[in-house]
Amino acid sequence: EIKKDLKKIKVELETLTLFFSCDFYSFLDIQVQELLNHTKASRFLLLFAINGKVDFNSATVAYQYIKTDKSAGAMQRYVRLPIDAHYRDILKITEKYKYFDINTDKLPKESLLKKIYSSKEEQIQHSRIMFLKRFHIDEENDLLLYASIGTHNKEEFTEEELYQISMTISRIATKIDQIKF
């Protein structure tokens, strides 16, 4: 059991090291700044989940960019955050369909995402979760990489904004494909 935990920690560190190479980090920063400057998106998170092939048990924020004081500190708050069945289902749907739209008011009251998005630290009204990539780690584990693009605005993203989000994620995914694991 300890060997499995150490392997997961090693993979997490390697993942973070690769993602924060100067080349990728600079690219990501430019893409996200551009997106947040031209849409009502006010928070961008890059997250990963490790633990199993089918059911992921925790999520970690690897990168955040915000336009407001709200949502600050997500990288410190969400490290190996245990996720619930609702969150797990959203990740499965996101991987299958490439995205999942969230209206915080319509989330189940007891769900983890409702609690997070409604918290005084976050106050996210709408979010689009976007699948980026699944990396094979070993016979028991994969790493799922995804992004959460949120807004503190009561209005939902427009079709044009959703298109801009998709194009940004496409460029980021293409860059991620160039990373050698």
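Residues numbered from 1 in each chain as written. Predicted model: local features only at pLDDT ≥ 70, side-chain atom pairs only at ≥ 80, totals over all residues. Heavy atoms only, no water.

**A closer look at the nonpolar core**
Nonpolar side chains tend toward joint burial in soluble globular proteins. In terms of nonpolar packing, the biggest core is built from 27 residues, with Phe 44, Leu 132, Ile 149, Ile 169 and Ile 172 touching the most fellow members. When contributions to this core are tallied by element, the ones reaching two or more residues are helix H2 (22-38), strand E1 (43-50), strand E2 (58-66), strand E5 (126-136), strand E6 (142-151) and helix H6 (159-177). Among the elements that make up this core, the one with the highest residue count is H6 (six residues). With sequence-adjacent residues up to four places away left out, Ile 172 is seen in contact with Phe 24, Phe 27, Leu 28, Gln 31, Val 32, Phe 44 and Leu 132. If you look at the next biggest cluster of nonpolar residues, it comprises 24 residues, including Leu 47, Val 61, Leu 112 and Leu 144. (Core = buried A, V, L, I, M, F, W, Y, C linked by side-chain atoms within 4.5 Å. Buried < 20%, exposed > 50% of the residue type's maximum accessible area, 1.4 Å probe, protein only. Helix = DSSP H or I, 4+ residues; strand = E, 2+ residues; numbered from the N terminus. Contact = heavy atoms within 4.5 Å.)

**With respect to the pairing of E5**
For E5, the buried fraction is high: eight of the eleven residues fall into the buried class. Relative to E5, strand E4 (residues 99-103) is paired through five bridges, and the arrangement is antiparallel. Of the residues in E5, the one forming a bridge with Tyr 99 is Met 130. Pairing between E5 and E6: ten bridges, direction antiparallel. (Pairing = 2+ DSSP bridges.)

**Regarding the pairing of E1**
Across the eight residues of E1, eight count as buried, placing the element largely inside the fold. Side chains Arg 43, Leu 45, Leu 47 and Ala 49 project from E1 onto one buried face, and the interleaved Phe 44, Leu 46, Phe 48 and Ile 50 project onto a second face that is buried too. Here E1 pairs with E2 via six bridges, running antiparallel. Bridging from a neighbouring strand, Phe 48 pairs with Thr 60 of E2.

**A look at the sheet that holds E5**
Strand order in the open sheet formed by six strands is E3-E2-E1-E6-E5-E4, and the pairing between neighbours is antiparallel. This sheet does not close on itself; its edge strands, each paired only once, are strand E3 (81-82) and E4. Packing of helix H4 (residues 85-97) onto the sheet brings it into contact with E1, E2, E4, E5 and E6, and relative to E4 it is tilted by some 135 degrees. Across the sheet, H6 is in contact with E1, E4, E5 and E6; its angle to E5 comes to roughly 20 degrees. (Axes fitted to C-alpha atoms, helices over the stretch in contact; angles between N-to-C directions.)

**Quick look at the packing of aromatic side chains**
Taken as a whole and assessed by the stated rule, the structure comprises two aromatic pairs. Here Tyr 25 and Tyr 63 contribute two aromatic rings whose centre-to-centre distance is 5.7 Å and whose plane-to-plane angle is 75 degrees, an arrangement assigned as edge-to-face. Linking Tyr 25 in helix H2 with Tyr 63 in strand E2, this pair joins segments that are 38 residues apart in sequence. Ring geometry for Phe 44 against Tyr 63: centres 6.1 Å apart, planes inclined by 75 degrees, an arrangement best described as edge-to-face. One end of the pair, Phe 44, is in strand E1; the other, Tyr 63, is in strand E2, and 19 residues separate them in sequence. Just as Phe 44 is buried, Tyr 63 falls in that class too. An aromatic cluster is built from Tyr 25, Phe 44 and Tyr 63, whose rings are joined through pairwise contacts. (Phe/Tyr/Trp six-rings, centres within 6.5 Å; stacked < 30°, edge-to-face > 60°.)

**Considering the side chain of Asp 142**
Relative to the assigned elements, Asp 142 resides in strand E6. Relative accessible area serves as the criterion here: at 7%, Asp 142 is assigned to the buried category. Of the polar contacts made by the side chain of Asp 142, one reaches the side chain of Arg 134; its length is 2.9 Å. A polar contact of 3.4 Å, which involves the side chain of Asp 142, links it to the side chain of His 136. (Polar contact = N/O pair within 3.5 Å; in protein donor to acceptor, adjacent residues only side chain to side chain.)

Keep in mind these values describe shape, not function.
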